[in-house]
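A structural walkthrough
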Amino acid sequence: MPLKQDEIERIVARDHSDPHRVLGAHPARTGVRITAYRPDADAVLVHTAEAEPLRLRRVHASGLFSGVAKGATLPLRYELEARYPDGGHFRLRDPYAFLPTLGDIDIHLLAEGRHEQLYERLG
């Protein structure tokens, strides 16, 4: 599914209520879409064990990058490589490659103020 402009704007404004819905790896028609927010980066590459590095396309000037790993399937284990104007580059596991730790029931109980074992989920 292509990225929606309103969701892009909420991500870069750091005001998205569910960033996992946009960032990370998600199914796409031809493979897996990977979206990363790396402010100030010149380029972002995705490294997997199965394929050559994939260079993500900048979709917002503030540092949102996205691209499709064609033929890939979920779950996809990958690392991001962010390259910066000063020549620095860093390779890291994408924090959004992991599933959220809170499920729907956790969020429901938290909103009601009745989650009695939240420490088990966040610890």
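Let me sum up the structure you'll find in this document. (Residues numbered from 1 in each chain as written. Predicted model: local features only at pLDDT ≥ 70, side-chain atom pairs only at ≥ 80, totals over all residues. Heavy atoms only, no water.)

It is worth spelling out the packing of aromatic side chains at this point. The tally for this structure, following the rule as stated, stands at one aromatic pair. Here tyrosine 84 and phenylalanine 90 contribute two aromatic rings whose centre-to-centre distance is 5.9 Å and whose plane-to-plane angle is 65°, an arrangement assigned as edge-to-face. (Phe/Tyr/Trp six-rings, centres within 6.5 Å; stacked < 30°, edge-to-face > 60°.)

Across the sheet, four strands lie side by side as β1-β2-β6-β5; this open sheet has antiparallel pairing. Either end of the sheet is taken by a strand with one partner, and the two such strands are β1 (24–28) and β5 (57–60). Across this sheet, the average inter-strand angle for adjacent strands is 30°, counted without regard to direction. Note: β5 against strand β6 (residues 64–70), three bridges, orientation antiparallel. The partner of histidine 60 across the bridge, within β6, is leucine 64. Relative to the sheet, helix α1 (residues 5–12) contacts β2 (31–37), β5 and β6, its axis offset from that of β5 by approximately 85°. (Pairing = 2+ DSSP bridges. Helix = DSSP H or I, 4+ residues; strand = E, 2+ residues; numbered from the N terminus. Axes fitted to C-alpha atoms, helices over the stretch in contact; angles between N-to-C directions. Contact = heavy atoms within 4.5 Å.)

A word on the sheet that holds strand β4 (residues 54–55). In spatial order, the strands read β4-β3-β7-β8; together these four strands make up an open sheet with antiparallel pairing. What marks the edges here is a single partner per strand, and that holds for β4 and β8 (89–93).

A few words now on unusual backbone geometry. A cis amide bond links leucine 74 to the next residue, proline 75, at an omega of -5°. The topology assignment puts proline 75 in the loop between β6 and β7 (79–83). With a phi close to 60°, arginine 14 is a non-glycine residue in the positive phi region. Mapped onto the elements of the fold, arginine 14 is located in the loop between α1 and β1. Given a relative accessible area of 64%, arginine 14 falls into the exposed group. Despite not being glycine, aspartate 40 shows a phi value in the positive range, around 75°. Note that aspartate 40 resides in the loop between β2 and β3 (43–47). Of the residues examined, aspartate 40 reaches a relative accessible area of 61% and is grouped as exposed. (Buried < 20%, exposed > 50% of the residue type's maximum accessible area, 1.4 Å probe, protein only.)

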